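Analysis of the macromolecular model
Take a look at the letters that make up each chain.
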Amino acid sequence: CRGFAHARAESWDQAVAAFDAAAREAENARAGADAARLWGQAGNAALADGKAQAATGYFDAALGHGAMSDIAKGEVYLDRARAGVMLGAHPAAREDLDKATMLVPQDPLAWLLSATLARRMNDMPRAATDIARAVALAGDDPSVMLEQGNIAMLAGNEAKARTAWEAVVAQAPQSRAAQSAHAALAQLREATPAVAK
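Okay, so let's go over this structure. What you see is a predicted model; the values in this text were computed from it and never measured. Here the residue index of a chain counts from 1 through its sequence in written order. Reporting of local features is limited, given that this is a predicted model, to residues whose pLDDT is at least 70; pairs of side-chain atoms are given and counted only at 80 or more, and all residues count toward the totals for whole chains, interfaces and linings. Calculation of side-chain values draws on the structure's entire complement of heavy atoms; hydrogens and water are dropped beforehand.

1. Things to note about the nonpolar core
Definition of nonpolar core: a set of buried residues of the types Ala, Val, Leu, Ile, Met, Phe, Trp, Tyr and Cys, connected through side-chain atoms within 4.5 Å. Exposure is judged per residue with a 1.4 Å probe applied to protein chains only, and the accessible area is read against the type maximum: over 50% gives exposed, under 20% gives buried, and values in between give partly exposed. With 32 residues, the main nonpolar core has Phe-19, Trp-39, Leu-47, Tyr-58, Phe-59 and Val-76 as its most contacted residues. Numbering goes from the N terminus for both helices and strands, where a helix is a DSSP run of H or I of at least four residues and a strand is a run of E of at least two. Of all the secondary-structure elements, those providing two or more residues to this core are helix 2 (12–28), helix 3 (32–48), helix 4 (52–63), helix 5 (70–87), helix 6 (90–103) and helix 7 (108–120). Sorting elements by how many residues they give to this core places helix 3 first, with eight residues. Apart from residues no more than four positions distant in its own chain, Phe-59 is found in contact with Gly-40, Gly-43, Asn-44, Leu-47, Val-76, Asp-79, Arg-80 and Ala-83. Counting 13 residues, the second largest nonpolar core, distinct from the first, contains Ala-152, Ala-161, Trp-165 and Val-168. Note on contacts: a residue pair is in contact if any heavy atoms of the two residues lie within 4.5 Å.

Okay, structure coming up:
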């Protein structure tokens, strides 16, 4: 309870400490499933605090328990992949995302992150395939639409990219995704010569 209270208050250091202590108590009580869940929560609190290396250690501890369901395990692989991306460990993140998409194929975030990582690793066929899966699951999510535009632009489909970015701005104008979409659309306007009247 203390961990969740600290997390709601965004007191991330205190949340990590509370989840860590609770996980150790669960370990001592041989409650493997509870320990795994608590290690995962400690990892997410550390990740929210920008401490990806510490988060990875907690996710490793969570995955060390065999009592986790496939869904729970898939979500931890997804979270560990997020930490890996923050650390620039792209090959390791790729492995974790492959496991996550296999274990939680209905989670659009897994496909979105997989597509984004593929784009960053210049694997455009994989990026296109995975963003299509994300769109099928959550096509109205601003982050999904933003990445759809990013991938379309790199594939040379400017019209599709523009449509996706304009949809982000229209649907969620105050979001961080909209800020990125505005910037991308501005670059397009700068790159397109004005038509003489």
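2. Some words on the packing of helix 9 (residues 142–154) against helix 10 (residues 158–171)
Here the axes come from fitting lines to C-alpha atoms, over the contacting stretch only for helices, and the angles between their N-to-C directions go from 0 to 180 degrees. For the pair helix 9 and helix 10, the least separation of the axes is 7 Å and the interaxial angle reads 160°. With respect to helix 10, the element helix 9 is oriented roughly antiparallel. The interaxial crossing formed by helix 9 with helix 10 has left-handed handedness. For the pair helix 9 and helix 10, the contacting residues are Pro-142, Met-145, Leu-146, Gln-148, Gly-149, Asn-150, Ala-152 and Met-153 in the first and Glu-158, Lys-160, Ala-161, Ala-164, Trp-165, Ala-167, Val-168 and Gln-171 in the second. By definition in this entry, angles of less than 35 degrees are roughly parallel, angles greater than 145 are roughly antiparallel, angles of 65 to 115 are roughly perpendicular, and the rest are oblique. Each crossing is labelled by how the near helix is turned from the far one, with a counterclockwise turn of less than a right angle marking it left-handed and a clockwise turn marking it right-handed.

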